[in-house]
Amino acid sequence: MHSYLKNIEQHIDQSLWLESEALFEKEGIIQSIEQVSRSLWNFVIKDQSQAQEVEILMVSPKPKFSCECSTFLSNRICKHIVLSLLQLRQIINEKEIEKARKKATRVQKARQKDSLNTKTVLSKSHPEELKRFVQSYANKDASFALALKGHFANKIDLEDNKEKYRQLLDSAVKPKTFKHKSLTPSEKRNFYRLADSLFQQANDCLSLGQFRECAYIVHFINDKIHYIKKNFNYNEERLLKMQVHFLDLLKELLGSKIPPELQNEIYKDSCGQILKSYYTPDERNLIETLQEFILFEKDDTEEIFEKFIQVKSDKTGETQKFHLALLKMSEKHEILFELIFGSLPLERISEALQKLYTRDKISLVAKWCDFLFKKEKSTKTVTLLNARILLDEGNVPKALAMIERLLKEYKDVNLSLGLINFISQEDIDDNKAQINAMFAEMHHSDRLKLYKKTNQLQLLIDTLHEEAEISDLWAFDDYIAEEDSELLYDTYKSMLEKYLQNYLGNAGKDGVVASLMRLNKLGFKKYSNSLRKELGTQFSHRKIIADILT
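Cut-offs and rules
- Residues numbered from 1 in each chain as written.
- Predicted model: local features only at pLDDT ≥ 70, side-chain atom pairs only at ≥ 80, totals over all residues.
- Heavy atoms only, no water.
- Helix = DSSP H or I, 4+ residues; strand = E, 2+ residues; numbered from the N terminus.
- Buried < 20%, exposed > 50% of the residue type's maximum accessible area, 1.4 Å probe, protein only.
- Contact = heavy atoms within 4.5 Å.
- Areas by Shrake-Rupley, 256 points an atom, 1.4 Å probe, with all protein chains shown as cover.
- Axes fitted to C-alpha atoms, helices over the stretch in contact; angles between N-to-C directions.
- Parallel < 35°, antiparallel > 145°, perpendicular 65-115°, else oblique.
- Left-handed = near helix turned anticlockwise from the far one by under 90°.
- Nonpolar A, V, L, I, M, F, W, Y, C, P; charged D, E, K, R; others polar.
- Salt bridge = Lys/Arg side-chain N within 4 Å of Asp/Glu carboxyl O.
- Core = buried A, V, L, I, M, F, W, Y, C linked by side-chain atoms within 4.5 Å.
- Patch = residues over 30% accessible without salt bridge, like charges linked within 9 Å, V, L, I, M, F, W, Y side chains within 5 Å.
- Lys, Arg positive; Asp, Glu negative; His and termini not counted.
- Charge placed at Lys NZ, Arg CZ, Asp CG, Glu CD.
- Pairing = 2+ DSSP bridges.
- pLDDT = per-residue confidence, 0-100.
- Phe/Tyr/Trp six-rings, centres within 6.5 Å; stacked < 30°, edge-to-face > 60°.
- Expected span 1.5 Å × (residues − 1).
- Arc of directions from axis to C-beta.
- Disulfide = S-S within 2.5 Å.

Helix and strand counts for the chain come out as 31 helices and 4 strands. In the chain, which comprises 550 residues, the proportion classed as buried is 43%. For the chain, restricting intrachain contacts to residue pairs at least 6 apart in sequence, the fraction spanning at least 24 positions comes to 61%. Counting every atom, the chain has about 31,000 Å² of accessible surface; 50% of that belongs to carbon and sulfur.

Now the structure itself:
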């Protein structure tokens, strides 16, 4: 077609174009059209009571045209010419379309004439003869028979239309037996072909409003996929993608205006399906299950999901992996926080959280810890994890509150002291009062450990003087020695005096000797000798002690 005709709109003023287009839509406005020669066209336009003759000569690069009206004489263009151009474009378009159609028909006829193809055979075969051939071929070739049944499954009504899909899928992949342990290549091939065919049929049923038939297909194909994954240990990516496609189809189905009784039937089937022994509780399947239940929006979803978790927790050999999968999913699906919390013992959640606690999952563990505390439910493990997370985030005041909880609720002094190791000295100095208050009611041996960890020398010394036993000193003498020799000497002196005052029996001499030997070992022989003399003088009336010290 001439390029000018293709793009008439670009060459005409908009107001003139609109006026001409309005005329073009009127019937009877063009009285006659004549193709005078290959390039010359003559149009007679009836405009009101007058007939205007238009001539168009199709030459390159721009056609030449003329009209009898006064507008053309003054502007060299008019609505009659534009109208004629529009009509000419339509005529040429129709001719080109007809020409292409005839060419395609000629090519098709030539092909049919030249080759014996499937279309020719089917179109010229007698229906009864063709039917006998298909039946005979299906009896000999199981794969062809399966493809035939699969293709026409949704078009055939049986007494139990639901059961026909179970039978069809069982003919593709037979139920597992003792001898039948793995899928054969032909079973894989047949199953994928059948599944692709059923997926297309399910889409067609959805488009045609055949919702029940669509639901049957989706249910049984999903059920068969779970069966194959579990019993044949087959988890090929193609199979998993197929499962996702059918789940998407289920979403679309439930989003349609299906009758309430059908929705209840689908829900009942889904509830029964997830409780079957071959329903594999891996992370992907859990997501699918959860998505299905969210779609239903039923009141008993939590109850069914609790039963599902209980069954899978009891039966699966990979319980911990199952619980971990649940917790990981909760990062994307908020509803799982409530569902898991109501379905798993708190200890199980704690164990899974501890396993999950890694750098890339710390945000999820933190989210779970917060959730558990809001529910006023916690365990020692959860409290510990929360403290560690808060310390990683630099939130020392809140972390100290968690450490205090470990002390008060679980009486775990060593764990609390261990967590304090993660706090910087600067933060310890800023929160010293809170830390000391935590341990105020603890045994003096625990407070001694705290003061050592937090570098509070004077409080350590005071506690040794006031409450500690001679044996407590030995755990800290090297620490004191590093800090201040005078303090070490004063502390030993004070505690040995206290020890000797309370001494009863000969066994006490060993404690005195051990303490003096420790002083020597630490390099404080001068203090040791001095102390020996002082104590010997002070306790000269006690013969056994005096003998040891002199």
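What follows covers the packing of helix α7 (residues 142-152) against helix α9 (residues 185-208). Between α7 and α9, the shortest axis-to-axis distance is 9 Å and the interhelical angle comes to 15°. When the interaxial angle is binned, α7 and α9 end up roughly parallel. As α7 packs across α9, the resulting crossing turns out to be right-handed. Counted together, Ser143, Leu146, Gly150, His151 and Phe152 of α7 and Asn190, Leu194, Ser197, Leu198 and Gln201 of α9 form the full contact between these two elements. Along the lines of polarity and charge, the residues of the contact of α7 with α9 split into 4 nonpolar, 6 polar and no charged.

Here we come to the pattern of salt bridges. Considering all chains together, one arrives at 9 salt bridges under this definition. For Glu213, the salt bridge is made with Lys164, and the minimal N-O distance between the two is 2.9 Å. You can see Glu213 sitting in helix α10 (residues 211-231) and its partner Lys164 sitting in helix α8 (residues 161-172), a full 49 residues away along the chain. A salt bridge links Arg212 to Glu265, with the nearest nitrogen and oxygen atoms 2.5 Å apart. In this pair, Arg212 is assigned in helix α10 and Glu265 in helix α12 (residues 260-274), connecting sequence segments 53 residues apart. Judged by relative accessible area, Glu265 falls into the partly exposed class, the value being 24%. A cluster of three or more residues bridged by salt bridges with shared partners is formed by Glu19, Asp47 and Lys79.

Grouped together as the largest cluster of nonpolar side chains are 65 residues, with contacts concentrated most on Leu353, Trp368 and Phe439. Looking at this core, the element that brings in the most residues is helix α18 (residues 362-374), giving 9 residues. Phe439 has contacts with Leu407, Val413, Ser416, Leu417, Ile420, Asp446, Arg447 and Leu450, leaving out every residue within four places of it along the chain. Counting 40 residues, the second largest nonpolar core, distinct from the first, contains Ala172, Phe220, Ile221 and Phe232.

Positive charge collects at one region of the surface, where Lys99, Lys102, Lys103 and Arg106 lie side by side. Looking at the element boundaries, Lys99 is found in helix α4 (residues 79-114).

Read across the sheet, 4 strands follow the order β1-β2-β3-β4 without closing on themselves; strand pairing throughout is antiparallel. The open sheet has two free edges, formed respectively by β1 (30-35) and β4 (64-67), since each of these has just one partner strand. Across the sheet, the mean angle from the axis of one strand to that of its neighbour is 15°, orientation sign disregarded.

This part covers a negative patch on the surface. Where like charges cluster on the molecular surface, the negative patch consists of Glu34, Glu53, Glu55 and Glu68. On the basis of relative accessibility, which here comes to 48%, the residue Glu68 falls in the partly exposed class.

What follows deals with unusual backbone geometry. Glycine aside, residues mostly have negative phi, and peptide bonds are mostly found in the trans state. Cis rather than trans, the peptide bond between Ser60 and Pro61 has omega equal to 0°. Checked against the element boundaries, Pro61 lands in the loop between β3 (50-57) and β4. Phi is positive for Arg76, close to 65°, though the residue is something other than glycine.

Bringing the confidence of the model for the chain into the picture now. For residues with low pLDDT, the predicted coordinates do not support detailed interpretation. When pLDDT is averaged across the chain, the result is 77; 78% of the residues are at 70 or more. Element-level mean pLDDT values for the chain span from 54 in helix α13 (residues 283-296) up to 92 in β4.

On to the packing of aromatic side chains. Taken as a whole, this structure holds 5 aromatic pairs when the rule is applied. Ring plane angle 20° and centroid distance 5.9 Å describe the contact between Phe133 and Tyr137, whose orientation is recorded as stacked. With Phe133 and Tyr137 both in helix α6 (residues 127-140), this residue pair falls 4 residues apart, about one helical turn. Its relative accessible area of 37% is what places Tyr137 among the partly exposed residues.

Its place among the elements puts Val36 in the loop between β1 and β2 (40-47). The sequence separation of Val36 and Leu57 amounts to 21 residues, and the corresponding C-alpha distance is 9.8 Å.

On to α8. The end-to-end C-alpha distance of α8 is 18 Å, a good match for the 16 Å that 12 residues give at a rise of 1.5 Å each. Three or more residues of α8 are buried, namely Asn161, Lys164, Tyr165, Leu168, Leu169 and Ala172. Down the axis of α8, the buried side of the element spans an arc of 125°, and every buried residue falls inside it. Check the buried side of α8 and you find it contacts α7, α9 and α10.

Let us now look at the state of the cysteines. Within the structure shown, the criterion is met by 0 disulfides. For Cys205, which is in no disulfide, the shortest distance to another cysteine sulfur is to Cys214 and amounts to 6.3 Å. Here Cys205 falls in the buried class, since its relative accessible area comes to 0%.

Before going further, it helps to examine helix α25 (residues 457-466). Listed in full, the buried residues belonging to α25 are Leu457, Leu460, Ile461, Thr463 and Leu464. One side of α25 holds all its buried residues, which, seen down the axis, span an arc of 165°.

Together, Phe152, Ile156 and Leu158 give the surface a local cluster of nonpolar side chains, amounting to about 270 Å² of exposed area. One can find Phe152 in helix α7.

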